[in-house]
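Take a look at the letters that make up each chain.
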Amino acid sequence: MMKIGVFDSGVGGFTVVKALMELLPGVPIVYFGDTARAPYGTKSRETLIKFSMQDAEFLMKHGASAIVIACHSAASSAAEALRARIDIPVFEVVTPSVKEACRLTRNRRIGIMGTRATVSSNVYLHAIPQRLPSARIFQQACPLLVPLVEEGWTERRETRMIVKRYLRPLKNSQVDTLVLGCTHYPVIKKVIQEKAGKRIKIVDPSSAVASQVAEHLKIPPGNITGIQPGNRDKRHGDLNAEHRFFVSDLTPHTEDIVANFLGQKIKLEKV
Ligand code: DGL
């Protein structure tokens, strides 16, 4: 039985879980959020490779037959190392986002928002020109956004101001496409779109990677159980038992934060 293993530095990867559940109802997911060692966005490349390897091994021990690196910081620094060391398919959020950004841009000016680890890995700076040689890439580290989203400040005036401030240099560079290069940013996609303006197209890596996994598995959406995407109640009622969600640290607040990302309350298991 196929099982998708998803890992992230913490709870942000639930944006990817949500996209996978919507696109592939019926496929069991085993999740590992490394909440005890988060954030990953401030860690070095060597540390991210080490942690990512341990996270992937944990998921394989729990039966994962494919790995999805939901965390941009880990994907940026550790995807290649992981692919070299493990022999099941490894998906990550960067590759499908690069593809989507190159498809969407018209003026070939692409903006990247991400953590410091993602920005300093320069993964997008290298990957985008391989697909679109004349593209120009403008990066912006947005370290304040992760804690704001985790606090649930998704609609606050302060968050809007900070998003506006981070977007200013990207708008000045006249990007027409913007990659949300961090697990947490899809939660405030509405605010980001509002501050970016209608002219800028947004790439949401959580849906991009979910589509890539679906394509790889050759599963037409909704086909596994006959449950159609969008029929949430029926789907989650059927599938809750199949999924397992592990975290390395659990506080009374963790399940509430996850509910913000996933839109429903779930049970987390501490390991
Ligand atoms: N999951 C991380 C990412 O997508 C954000 C949170 C962290 O820094 O750990 O880069």
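Above this text you will find the structure in question.
Attention here is on the structure that accompanies the text.

The rules behind each value
- Residues numbered from 1 in each chain as written.
- Predicted model: local features only at pLDDT ≥ 70, side-chain atom pairs only at ≥ 80, totals over all residues.
- Heavy atoms only, no water.
- Buried < 20%, exposed > 50% of the residue type's maximum accessible area, 1.4 Å probe, protein only.
- Helix = DSSP H or I, 4+ residues; strand = E, 2+ residues; numbered from the N terminus.
- Pairing = 2+ DSSP bridges.
- Right-handed = clockwise from strand over helix to strand, strands pointing away.
- Expected span 1.5 Å × (residues − 1).
- Bend = angle between axes of the 7 residues up to and from the residue.
- Contact = heavy atoms within 4.5 Å.

## Some points on the pairing of strand 1 (residues 4-8)
The element strand 1 is largely enclosed, with a buried count of 5 among its 5 residues. Side chains I4, V6 and D8 of strand 1 all project onto a buried face; the interleaved residues G5 and F7 project onto the opposite face, where all are buried too. In terms of strand pairing, strand 1 meets strand 2 (residues 29-33) through 5 bridges, oriented parallel. Bridging across to strand 2, D8 finds its partner in G33. Tracing the backbone out of strand 1, into helix 1 (residues 14-23) and back to the parallel element strand 2 gives a crossover that is right-handed. Here 4 bridges tie strand 1 to strand 3 (residues 66-69), and the two strands are oriented parallel to one another. In the strand pairing of strand 3, F7 is matched with I69.

## Describing helix 8 (residues 157-172)
Because each turn of an α-helix spans 3.6 residues, side chains separated by three or four positions in sequence point in the same direction. In a regular helix each residue adds 1.5 Å, so 16 residues correspond to 22 Å; helix 8 covers 22 Å between its end C-alpha atoms and thus fits that length. Taken as a whole, helix 8 carries its principal kink of about 30 degrees at Y166; the proline P169 stands between one and four residues after it. For helix 8, the complete set of buried residues consists of T159, R160, V163, Y166, L167 and L170. Among the structural elements, strand 5 (109-114), strand 6 (136-141), helix 7 (145-150), strand 7 (177-181) and helix 9 (189-196) are those in contact with the buried residues of helix 8.

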